[in-house]
Amino acid sequence: MSVDQATVRRIAHLARIAVEDQEVERLGAELNAILDFVAELSSVDVAGVEPLTSVLPMRMKKRQDVVTDGGFADAILANAPEKDDHYFVVPKVVE
């Protein structure tokens, strides 16, 4: 895939980036180099390669899935200007 000058200008417009006319050719070359690198990566055979979480072999640190906080609704709502049960009351903003 090759990026032409019109595509560079469209990408710049979509990204809301001001690009001068003399920069378009250079940016097109950079985008083409990036796309060539991605195409090169796509040609690598990764069959049988396990995903990595670290470059060093180690076990994932896991914690118990238990509630360790909470039960402070009264303290949290103590400074609320208006509350109802255990909820903040705010003005309606959508009609």
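From a predicted model like this one, the values you see are computed outputs, not experimental measurements. Residue indices begin from 1 for each chain and proceed along its sequence in written order. For this predicted model, a pLDDT threshold of at least 70 governs which residues receive local features, and a threshold of 80 or more governs which side-chain atom pairs are given and counted, while totals over whole chains, interfaces and linings are taken from all residues. As a convention, hydrogens and water are excluded, and side-chain values are obtained from all of the structure's heavy atoms.

1. Focus on unusual backbone geometry
- Positive phi is not limited to glycine here, since Arg-16 has a value of about 60°.
- You will see that Asp-85, though not glycine, has its phi angle at about 60°, which is positive.
- A run of H or I in DSSP counts as a helix once it spans at least four residues, and a run of E counts as a strand once it spans at least two, with each numbered from the N terminus. Structurally, Asp-85 is set in the loop between strand S1 (83–84) and strand S2 (87–88).

2. Side note on the packing of helix H1 (residues 5–14) against helix H2 (residues 21–42)
- H2 packs onto H1 with a crossing angle of 95° between their chain directions and a minimal axis gap of 9 Å. With respect to H2, the element H1 is oriented roughly perpendicular. The residues of H2 that touch H1, namely those facing Gln-5, Val-8, Arg-9 and Ile-11, are Asp-21, Val-24, Glu-25, Leu-27, Gly-28 and Leu-31. Each axis is a line fitted through C-alpha atoms, taken for helices only over the stretch in contact, and angles between the N-to-C directions span 0 to 180 degrees. Angles below 35 degrees are treated as roughly parallel, those above 145 as roughly antiparallel, those between 65 and 115 as roughly perpendicular, and all remaining angles as oblique. Two residues form a contact once any of their heavy atoms are found within 4.5 Å.

3. Regarding the pattern of salt bridges
- What counts as a salt bridge is simple: a side-chain nitrogen of Lys or Arg found within 4 Å of a carboxyl oxygen of Asp or Glu. Throughout the structure, instances matching the rule amount to three salt bridges.
- With its nearest N and O atoms 2.8 Å apart, the salt bridge here joins Arg-26 to Glu-30. Of this pair, Arg-26 and Glu-30 both sit in helix H2, four residues apart, roughly one helical turn.
- With a 1.4 Å probe rolled over the protein chains alone, any residue whose accessible area is under 20% of its type maximum counts as buried; one over 50% counts as exposed, and the rest are partly exposed. Owing to a relative accessible area of 43%, Arg-26 belongs among the partly exposed residues under this scheme.
- By relative accessible area, which is 40% here, Glu-30 ends up partly exposed.

4. Structural notes on H2
- An ideal rise of 1.5 Å per residue puts 32 Å on 22 residues; H2 measures up with 32 Å between its terminal C-alpha atoms.
- What H2 keeps buried is the set Val-24, Gly-28 and Asn-32. Angularly, the buried residues of H2 cover 70° about the axis, an arc narrow enough to put them on a single face. Opposite the buried face of H2, at more than 90 degrees from it, the exposed residues are Gln-22, Ile-34 and Glu-40.
- In this structure, the buried side of H2 is in contact with H1. Given a helix with a known number of residues, its expected span is that number minus one, times 1.5 Å. The directions considered for the arc are those from the helix axis to the C-beta atoms.

5. Some remarks on the confidence of the model for the protein
- When pLDDT is averaged along the protein, the result is 89, and 99% of the positions lie at 70 or above.
- Known as pLDDT, the predictor's per-residue confidence is scaled from 0 to 100. The lowest-confidence element of the protein is helix H3 (residues 73–76), averaging 86 in pLDDT; the highest-confidence one is H1, averaging 94.

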